[in-house]
Amino acid sequence: LLTGCGLLKPTANFAQIAPKSPVSGYNNLVLNEEFSGNKLDTTRWISGFPWGTCQTGNDYTDYCPNNVKVANGMLELAVTAPGSNGKTKGGVISTRQIWNYVYAEASIKMPPGDGLWANFWTDRPKAWPPEIDIAEYIGSVPTAINFASHYSTPTSSHEYVYHRHPVGANLS
């Protein structure tokens, strides 16, 4: 399952990778999305998290389908001003497909500004963790990208490894 929140993502290519010992079928392209047309392809994507739409992602944001727009070969996951509950509204999409091994590639324009947190990550549709944060971007730090791996152990329900990588260029 691949998910992205609050970002612009014009191109996404997802292909399974070949394990060290060759196994038939692991290097075939399984999803290539250029976001052509004027609406989200709902045979491939869910406008929201797999467990529901207009869901609270955290204490600050609700993710709603009307914040997801497709036009001119671009996916826009919009963020709007806080509503009456004090939470911003954001866009999120998730794939309908699930893979054991995946190679993911995306061209993403990150939004600048304090309080924005765009991301591109893998997740499981029912149980959390595990989660692999392929790219998390904090709008107030436009020259770095963050990576994390969330997992559980026999003695802890949530552990993680986190790394901030300075890229030098402004990603917004």
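Scroll up for the structure.
Residue indices follow the written sequence of each chain, beginning from 1 at its first position. In view of the model being predicted, local features appear only for residues whose pLDDT reaches at least 70, and side-chain atom pairs are presented and counted only at 80 or more, with totals across whole chains, interfaces and linings using the full set of residues. Only heavy atoms go into the side-chain values, all of them from the structure, while hydrogens and water stay out.

A. Representation of the overall build of the protein chain in the model. Counting from the N terminus, the helices are the DSSP runs of H or I reaching at least four residues and the strands are the DSSP runs of E reaching at least two. On a plain count of helices and strands, the protein chain comes out with 0 helices and 16 strands. Per-residue accessibility, obtained with a 1.4 Å probe over protein chains only, is compared with the maximum for each type, and a residue is labelled buried under 20%, exposed over 50%, and partly exposed between these values. Counting across all 172 residues of the protein chain, residues that qualify as buried make up 36%. For this analysis, residues touch if any pair of their heavy atoms sits within 4.5 Å. If you take every contact in the protein chain between residues at least 6 apart in sequence, the share linking residues at least 24 apart comes to 55%. A total accessible area of about 9,600 Å² is found for the protein chain, and carbon and sulfur atoms account for 53% of it. Every accessible area reported is derived by Shrake-Rupley at a probe size of 1.4 Å, with residue values counting cover from the shown protein chains alone.

B. Structural view of the pairing of strand E16 (residues 156–166). The sheet contact formed by strand E15 (residues 144–153) and E16 spans 9 bridges and is antiparallel. Considered in E16, the bridge of His150 is made with Tyr160. We treat two strands as partners when DSSP finds at least two bridges between them.

C. Quick look at the pattern of salt bridges. Any Lys or Arg side-chain nitrogen found within 4 Å of a carboxyl oxygen on Asp or Glu counts as a salt bridge. Throughout the structure, instances matching the rule amount to 2 salt bridges. Close ionic contact of Arg44 with Glu33 constitutes a salt bridge, the shortest N to O distance being 3.4 Å. Linking Arg44 in the loop between strand E3 (29–33) and strand E4 (45–46) with Glu33 in strand E3, this pair joins segments that are 11 residues apart in sequence. Here Arg44 falls in the partly exposed class, since its relative accessible area comes to 27%. A relative accessible area of 8% means that Glu33 is categorised as buried. Taking the shortest distance from any N to any O, the salt bridge between Arg44 and Asp41 comes out at 3.9 Å. Bridged by salt links that share partners, the residues Glu33, Asp41 and Arg44 form one connected network.

D. Focus on the pairing of strand E13 (residues 117–123). With 6 of its 7 residues buried, E13 lies for the most part within the structure. The pairing of E13 with strand E14 (residues 131–138) spans 7 bridges and is classified as antiparallel. Looking at E14, one finds that Ala118 is bridged to Tyr137.

E. Summary view of the side chain of Asn146. Structurally, Asn146 is set in strand E15. Classification of Asn146 by relative accessible area gives buried; the value is 2%. Pairs of N or O atoms within 3.5 Å make up the polar contacts considered here, provided that, within protein, one atom can donate a hydrogen while the other can accept it, and that residues adjacent in sequence are counted only when both atoms are side-chain atoms. Here the side chain of Asn146 touches Tyr162 through a polar contact of 2.7 Å, side chain to side chain. Separated by 2.9 Å, the side chains of Asn146 and Arg164 make a polar contact. For Asn146, the contacting residues outside a window of four places in its chain are Asp133, Ile134, Ala135, Glu136, Ile138, Tyr162, His163 and Arg164.

By themselves these figures say nothing about function.
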